[in-house]
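# Reading the structure
Chain residues, written in single-letter form:
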Amino acid sequence: MMREVFHSLFIRLTAEANLIGASVFRIAVGLNILSIYLLNYVQRQYLWGPNGVWPFEEFLRNTWFSLYRFSDSLLFFETVFHLGILATILFTLGYRVRITAILNLIFLWSLHERNPWILEGGDNIIRIVLLFLLFANLGAYFGYDSQRYWQRIQQNSRPLLQSFSAVLHNFAIIAAITQLCIMYFITGFHKAMGEMWQEGVAIYYILRTRTFNWPGVSDLIIQNEWLTVLLTYLTVIFELAFPFLLFNTITRRLAILGGLVFHTAIALFMSLPTFQIFVLSVYALLIPDREYQALGRWLQMWKFAVTDRIRSLIQIIRRYPILRMQRLLVFYDGHCQLCIRSVEALQRLDFFSLLEFVSFRDPQVIVTHGLNAQQLERRMHTKTLRTNDIQEGIDAVLQIAIRLIPLWPMVPVLFVARLLGLGQKIYDFIARRRVILPSPSSCVDGQCLRAADTTRSTRDHG
Amino acid sequence: MTEETEWVDVSESYLMHHQQYRGISPRSRVVKLVTNSILAYMFGDVNVAMIRERVCRDEKKAEEPLCKREDAVTQLRRTQAEILLARVASSACDWIVGPAKSDEVRVRIAIHRFPRFSERHLPDSEGTVGYMDLDWVPYQKVAAVR
């Protein structure tokens, strides 16, 4: 019996758990750190530079480790700052994650230490969690090296090392989740002892403070006594209960759902997006792989169901006579690669099959439709099947755009351009510069036929 | 000849930008900087402040350095906050009077006490405003806020 228990424990410990969650965490955290770098890019010298708001001498006196310590030159600062961005990008992409995770943390830690006066709660928690997760496998999914990782697992070349690595991974994940629980419990505990939280009015004082106030929106909450009290108590209850909710599958899912709502609301109402994304990224670790896979299957099914529904709806709409009357014949240059690619793109957007594309290089086309070969060389033509109206150039483009829903935003622009006369000029400018590569079928003994020649030869044959 | 300007609300523009973009703004961390330094100037370290709140409820301990806010940690934080606020002001003076044109700067902390919960229907203007003036300090060259 004991042997079986130990064996089962050994199997569980030596198999890496929550690998998808760890990879989702990597991407969410990576993007959030990247947003800190990029959002404050214009402000970097003020916030962290050698001549920044927190004096370099004070920084040296109060910090024991930061890459920014090594020099007070602007060039050095810029180099380290940009290397930090690079490390974060590589980490997010999952490139050599074991190494880039360390580099990312070193650069992030250095940035935090350079100016600790601008840190939020989220910065602190993510620093600790990233430290734990240096021992975790964050690159098994959605990363540059993911495929290589699974190949290595299949080869099973170093089983002992893999088992040891798996044990470290699992403990790192547990440590990160424990850190999240500690954070919730301690903040909840402190709040529960606070006078304003006990009286149920803390949310009022928070949301009325300028830093956390959303003008015009916060008032909707804080002017409502019941809502203010309810939200204040719910916050404390959620934070205190969170660690205990994780022990059961159903309550865990409820905790995750509650946390998503809770942190999204804080991000939105209190203008603290970075903080909340950091906390929510740790949530990714709370979901086991089998639940992610089930979610993936459900989303796939949902996608198929929706796509099917849309397809059948389109089929019904296509049959409407009023729509059939709008069908358009488009004469394009089949020797122009740009034109061929454009036709392919337009066909994908033609949900209601309103367009029929015909290359005017086809010898029969010009004769059948009574078109002018020289004009076709110059401009694309369209023919409305109901009225036999022929349009060319920008007018033809406009006719196409009217029939394709995704291009509707462009219709007013095209219309104005056509009215101003600019549209036709731009069209002609592009059309004149298109590269024409005749197809081998229209070339005989190294001589290739142009449209005009094609017409003539067709007539001769006719 | 040295001229003294009127008070200029430095943090208002940072706050407005922060509010307008719901925290997704390059000014949001600047708001955090100003808020943190003011809190540090007034209360010292957050953790020490929490201990003080508990310990100093006992009237017998009123004369202890911790309760008089004269403990080492609070003093250090206060000094650091003064340095920071002076630099925030110096940087602000660059766009108020022109780059490196100031000789000395002075910080005034305005504390707005908005109406309490029982008077929540009243506008912000019905609250009270108190001021804390810091000493004049030499202007320092600091990178500009963008």
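The structure displayed is predicted, hence computed values, not measured ones.

### Here we look at the overall build of chain B
Of the regular secondary structure elements, chain B holds 4 helices and 4 strands. Secondary structure elements of chain B, listed N to C terminal, follow the sequence α-α-α-α-β-β-β-β. Along the three orthogonal principal directions, the C-alpha set of chain B runs to about 50 × 40 × 30 Å. Burial statistics for chain B: of 146 residues in total, 40% are counted as buried. Here the contacts in chain B between residues at least 6 apart in sequence split such that 57% fall between residues at least 24 apart. Surface exposure of chain B reaches about 8900 Å², of which carbon and sulfur atoms provide 53%.

### A closer look at the sheet that holds strand E3 (residues 381–384) of chain A
Residues and elements named next belong to chain A. In space, the 4 strands of this open sheet follow the order E2-E1-E3-E4, with mixed pairing throughout. On the outer flanks of this sheet lie strand E2 (355–359) and strand E4 (390–392), each paired with one strand and no other. Mean inter-strand twist for the sheet, computed between neighbouring axes without regard to direction, equals 25°. Bridge count for strand E1 (residues 328–332) against E2 is 5 bridges, and the pairing is parallel. Note on E2: the bridge partner recorded for Leu 329 is Glu 356. On top of the sheet, helix H21 (residues 394–403) reaches E1, E2, E3 and E4; it is set at about 110° to E4, its chief contact.

### Here's the deal with the confidence of the model for chain B
All names here are of chain B. Residue-level pLDDT values for chain B average 92, and 99% of them are 70 or greater. The least confident element of chain B, judged by mean pLDDT, is helix H3 (residues 46–55) at 85; the most confident is strand E4 (residues 137–138) at 96. Overall fold confidence (pTM) sits at 0.80, and the ipTM for the predicted complex is 0.94.

### Focus: the state of the cysteines
Summed over the entire model, instances satisfying the criterion amount to 2 disulfides over all chains. The disulfide bridge from A:Cys336 ends at A:Cys339, spanning 2.4 Å between sulfur atoms. Between A:Cys336 and A:Cys339 the disulfide shows an S-S torsion of about 85°. By sign, it is right-handed. The side chain of B:Cys56 participates in a disulfide bridge whose partner is B:Cys67; the two sulfur atoms lie 2.0 Å from each other. Here B:Cys56 and B:Cys67 share a disulfide; its torsion about the S-S bond, -95°, makes the bridge left-handed. Note that B:Cys56 is positioned in the loop between H3 and helix H4 (72–97) and B:Cys67 in the loop between H3 and H4, a separation of 11 residues in sequence.

### Comments concerning the pairing of E3(A)
All names here are of chain A. Both faces of E3 are covered, namely the face carrying His 381 and Lys 383 and the face carrying Thr 382 and Thr 384. Pairing of E1 with E3 involves 4 bridges; the strand directions are antiparallel. Each residue of the ladder has a partner; that of Leu 329, found in E3, is Lys 383. Here E3 runs beside E4; their pairing, made up of 3 bridges, is antiparallel. Residue Thr 382 lies in a different strand from E4, and its bridge partner there is Gln 391. Here E3 folds back onto E4 in antiparallel fashion, the turn holding 5 residues, of which Asn 388 has a positive phi close to 60°.

### Quick word on the side chain of A:Thr274
Within the secondary structure layout, A:Thr274 lies in helix H15 (residues 273–283). Those residues in contact with A:Thr274, other than ones at most four positions away along the chain, are A:Asn32, A:Ile36, A:Glu120 and B:Arg29.

### Description of the interface of chain A and chain B
Between chain A and chain B, the residue contacts involve 44 residues of the former and 45 residues of the latter. Contact with chain B buries surface across chain A, with A:Tyr46, A:Trp117 and A:Arg210 losing the most and accounting together for 22% of the total. Across the contact surface, chain A and chain B share 4 salt bridges. Between B:Arg29 and A:Asp123 there is a salt bridge, and its shortest N-O distance comes to 2.7 Å. Counting across the interface, chain A meets chain B through 23 residue pairs in polar contact (both at pLDDT 80 or more).

### Focus: the packing of helix H1 (residues 11–20) of chain B against helix H2 (residues 28–43) of chain B
Residue and element names in this part refer to chain B. Put simply, H1 and H2 touch, their axes get as near as 8 Å, and they point 130° apart. The angle between H1 and H2 places the two elements in the oblique class. Relative to H2, H1 is oriented so that their crossing is left-handed. Between H1 and H2, the contacting residues are Ser 11, Tyr 14, Leu 15 and His 18 on the first element and Ser 28, Val 30, Val 31 and Val 34 on the second. Looking at the contact of H1 with H2 residue by residue, the class counts come to 5 nonpolar, 3 polar and no charged.

### Re the pairing of E2(A)
Judged by how many residues are buried, E2(A) sits mostly within the fold: 4 of 5 residues are covered. In the classification by handedness, the crossover that spans E1(A), the intervening helix H18 (residues 337–349) of chain A and the parallel E2(A) is right-handed.

### Examining the domain arrangement of chain A
Accessible area lost when the parts come together is the quantity often used to give the size of an interface. Parsing chain A into structural domains produces domain 1 (2–287), domain 2 (289–319) and domain 3 (327–460). For domain 1 of chain A versus domain 3 of chain A, the distance between C-alpha centres works out to 55 Å.

### Some words on the packing of aromatic side chains
Residues and elements named next belong to chain A. For the structure shown, the criterion picks out 25 aromatic pairs over all chains. Taking the centre distance of 5.8 Å and the plane angle of 35° together, the rings of Trp 48 and Phe 81 count as tilted. One end of the pair, Trp 48, is in the loop between helix H3 (44–47) and helix H4 (56–62); the other, Phe 81, is in helix H5 (residues 74–93), and 33 residues separate them in sequence. Across the pair, exposure class does not vary: Trp 48 and Phe 81 are buried alike. Every member of this aromatic cluster is reached through a ring pair, and the members are Tyr 37, Tyr 41, Trp 48, Tyr 68, Phe 77 and Phe 81. One residue, Arg 44, lies across the ring of Tyr 41, its end atom 4.0 Å from the ring centre. For the cation-ring pair, Arg 96 lies above Tyr 95, with the distance from its terminal atom to the ring centre recorded as 5.2 Å.

What counts as what
Residues numbered from 1 in each chain as written. Chains lettered and ligands numbered in written order. Predicted model: local features only at pLDDT ≥ 70, side-chain atom pairs only at ≥ 80, totals over all residues. Heavy atoms only, no water. Helix = DSSP H or I, 4+ residues; strand = E, 2+ residues; numbered from the N terminus. Buried < 20%, exposed > 50% of the residue type's maximum accessible area, 1.4 Å probe, protein only. Contact = heavy atoms within 4.5 Å. Areas by Shrake-Rupley, 256 points an atom, 1.4 Å probe, with all protein chains shown as cover. Pairing = 2+ DSSP bridges. Axes fitted to C-alpha atoms, helices over the stretch in contact; angles between N-to-C directions. pLDDT = per-residue confidence, 0-100. Disulfide = S-S within 2.5 Å. Buried area = accessible area lost by both parts, 1.4 Å probe. Salt bridge = Lys/Arg side-chain N within 4 Å of Asp/Glu carboxyl O. Polar contact = N/O pair within 3.5 Å; in protein donor to acceptor, adjacent residues only side chain to side chain. Parallel < 35°, antiparallel > 145°, perpendicular 65-115°, else oblique. Left-handed = near helix turned anticlockwise from the far one by under 90°. Nonpolar A, V, L, I, M, F, W, Y, C, P; charged D, E, K, R; others polar. Right-handed = clockwise from strand over helix to strand, strands pointing away. Domains from an automatic or database assignment. Phe/Tyr/Trp six-rings, centres within 6.5 Å; stacked < 30°, edge-to-face > 60°. Lys NZ or Arg CZ within 6 Å of the ring centre and 35° of its normal.

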